[in-house]
Amino acid sequence: MSKLEQEKLIAEAERVLTHNYRQQPIVLSRGAGCTVWDVAGEKFLDLTGGIAACPLGHGHPKLSRAIAEQAARLIHVSNLFYVEAQIRCAEALTERAHALGQPRVFFCNSGAEANEAAIKLAKRYQTTFKGHAERIEVMSFEGSFHGRSIATVALTGQEKYRAGFGPLIEWARFLPFPTDENDRRALDRISETTCAVILEPIQAEGGIRLWPAGFLKALRARCTETGTVLIFDEVQTGIGRTGSWFGYEQEGVVPDVISLAKGLGGGVPVGAIVASGELAQGFAPGTHASTFGGNPLATAAALCVLETIEEERLLDRVKAAGERLRASLQKLVEKHPGRAKAVRGRGLLWGLQLDGDAAPVVRAVRERGVLLSVAGGTVVRFAPPFVVTDAELDEGVAALDAALSG
Ligand SMILES: Cc1ncc(COP(=O)(O)O)c(C=O)c1O
């Protein structure tokens, strides 16, 4: 296809798709590792990793094979029946998240659905299983992002995502993001009538923001003290993104429930919650469900992702590559002092804080053949596949350097 034909295809997209995204003007058709090609054959280095959803990169032979084999055998049967891939995948997740205490898994299809499930589980556990009818409020933090469904958008602590959808649910409350480790304002708002608190181990869409040291430990202690369910939204930080299987491990705290999606399916839509055995008692037959949740195709893919990360020792790679990326982004802060303000992140989730809108910089980087994304408006985000090479990281940073110089 020529570039002109690609333009025509984009014009057709503008005619037939709703206008809720701001797509970059390329139509992608093929990928291998961290490289993708548009329909006109132009090549790009993809350091967005499908917004942190492709830990194995594009076209990983093991994942492609697992999907093809499962598709040939059985794609979908519904949760009227057991399926082996779902059981094996749940086993693999519970082994990795054993710290939660005899955990159990519920499968769904996306991050928003995983958070919905976590909130419903917490609510039912508190009000019905434990009989605390007064525990109504669910709290999240300013700057958070938890998804686009009504409940998750209501709990997203950024006005721009909520605007136009009100009135939203009345039991959602926002806690202030702590300014430092001594800031107890949020902790003091959690009480014996709080149902649950939900937070991201690193606020990703909010601009790659980390918590002050020790804050999450203090939050865990406060939730335990008040009997509040602690939910970690690990949709972006989970499945190795921060260099450990889950972001909570890096903070030395254990939540009651984690929500997962993005990297879990390696690009195949699959979400899940892993809940402690205690919490999981909140769900009884008929209280929650998903037609496609945990179907054979999705869970065969997710199982393959979990096994491949282990077999190829990709958590070690995330740590080493992440350190290289951090160091080279730090050099950009030194080189472009007025423009690049700070580097934040962990593992292979990094943000370069700019002094203004990051979208034009991301555009300029794309014109140099590298794909990056914006987080929180003013942050350039790197969330590459774990199979990224040092040379690819260097190429991405060089393109960003050139864009900041231009
Ligand atoms: C932390 C977090 N939670 C939830 C979501 C929503 O996930 P999904 O788009 O799969 O519904 C996202 C997506 O960016 C996210 O980063």
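Quantities reported herein were computed from a predicted structural model and do not represent experimental measurements.

A.B. asks: Looking at this structure, how should I read unusual backbone geometry?
C.D. replies: Peptide bonds are mostly trans, and most non-glycine residues show a negative phi. Backbone torsion omega between Gly 166 and Pro 167 reads -10°, so that peptide bond is classified as cis. Among the structural elements, Pro 167 can be located in the loop between α7 (159-162) and β6 (172-175). Even without being glycine, Ile 208 reaches a positive phi, approximately 55°. Of note, Ile 208 is situated in the loop between β8 (202-203) and β9 (209-210). The backbone of Lys 262 sits at a positive phi, close to 30°, despite the residue not being glycine. Among the structural elements, Lys 262 can be located in the loop between β11 (257-260) and β12 (271-275). Judged by relative accessible area, which is 24%, Lys 262 ranks as partly exposed.

A.B. asks: What's the story with the packing of aromatic side chains in this structure? I'm lost.
C.D. replies: By convention here, two paired aromatic rings are described through the distance between centres and the angle between planes. Throughout the structure, instances matching the rule amount to 8 aromatic pairs. A ring pair is formed by Tyr 125 and Phe 129, whose centres lie 5.7 Å apart and whose planes are at 25°; its orientation type is stacked. With Tyr 125 and Phe 129 both in helix α5 (residues 111-129) and 4 residues apart, this pair spans about one turn of that helix. A relative accessible area of 38% places Phe 129 in the partly exposed class. Here Phe 177 and Trp 211 contribute two aromatic rings whose centre-to-centre distance is 4.5 Å and whose plane-to-plane angle is 25°, an arrangement assigned as stacked. You can see Phe 177 sitting in the loop between β6 and α8 (185-189) and its partner Trp 211 sitting in the loop between β9 and α9 (215-226), a full 34 residues away along the chain. Exposure class is identical for Phe 177 and Trp 211. Each is buried. Clustering of aromatic rings is evident, with ring pairs tying together Phe 141, Phe 177, Trp 211 and Phe 215. Sitting above the plane of the Trp 245 ring, Arg 96 keeps its charged end 4.5 Å from the centroid.

A.B. asks: Would you explain the sheet that holds strand β2 (residues 35-38) in this entry?
C.D. replies: Adjacent strands of a sheet form backbone hydrogen bonds with each other and so pair up, either parallel or antiparallel. Strand order in the open sheet made by the 4 strands is β1-β2-β3-β15, with mixed pairing throughout. For this open sheet the edge positions go to β1 (28-32) and β15 (370-371), each flanked by a neighbour on one side alone. Pairing geometry for β2 and strand β3 (residues 43-46), over 3 bridges, is antiparallel. Following the sheet pairing, Val 36 is matched in β3 by Phe 44.

A.B. asks: Looking at this model, I keep getting lost on the sheet that holds strand β16 (residues 373-375). Mind explaining?
C.D. replies: Taken together, 4 strands build an open sheet; the order of strands is β13-β14-β17-β16 and the sheet is antiparallel. Of all the strands in the sheet, the pair left with one neighbour each is β13 (340-346) and β16. On average, each strand axis in the sheet is inclined to that of its neighbour by 30°, with strand direction left out of account. Running at roughly 170° to β13, helix α13 (residues 314-335) makes contact with β13, β14 (349-354) and β17 (379-382) of the sheet. In the packing of helix α14 (residues 359-367) onto the sheet, contacts are made with β14, β16 and β17, and the angle to β16 comes to roughly 165°.

Rules and cut-offs
Residues numbered from 1 in each chain as written. Predicted model: local features only at pLDDT ≥ 70, side-chain atom pairs only at ≥ 80, totals over all residues. Heavy atoms only, no water. Helix = DSSP H or I, 4+ residues; strand = E, 2+ residues; numbered from the N terminus. Buried < 20%, exposed > 50% of the residue type's maximum accessible area, 1.4 Å probe, protein only. Phe/Tyr/Trp six-rings, centres within 6.5 Å; stacked < 30°, edge-to-face > 60°. Lys NZ or Arg CZ within 6 Å of the ring centre and 35° of its normal. Pairing = 2+ DSSP bridges. Axes fitted to C-alpha atoms, helices over the stretch in contact; angles between N-to-C directions. Contact = heavy atoms within 4.5 Å.

The values are spatial; any link to function lies outside them.
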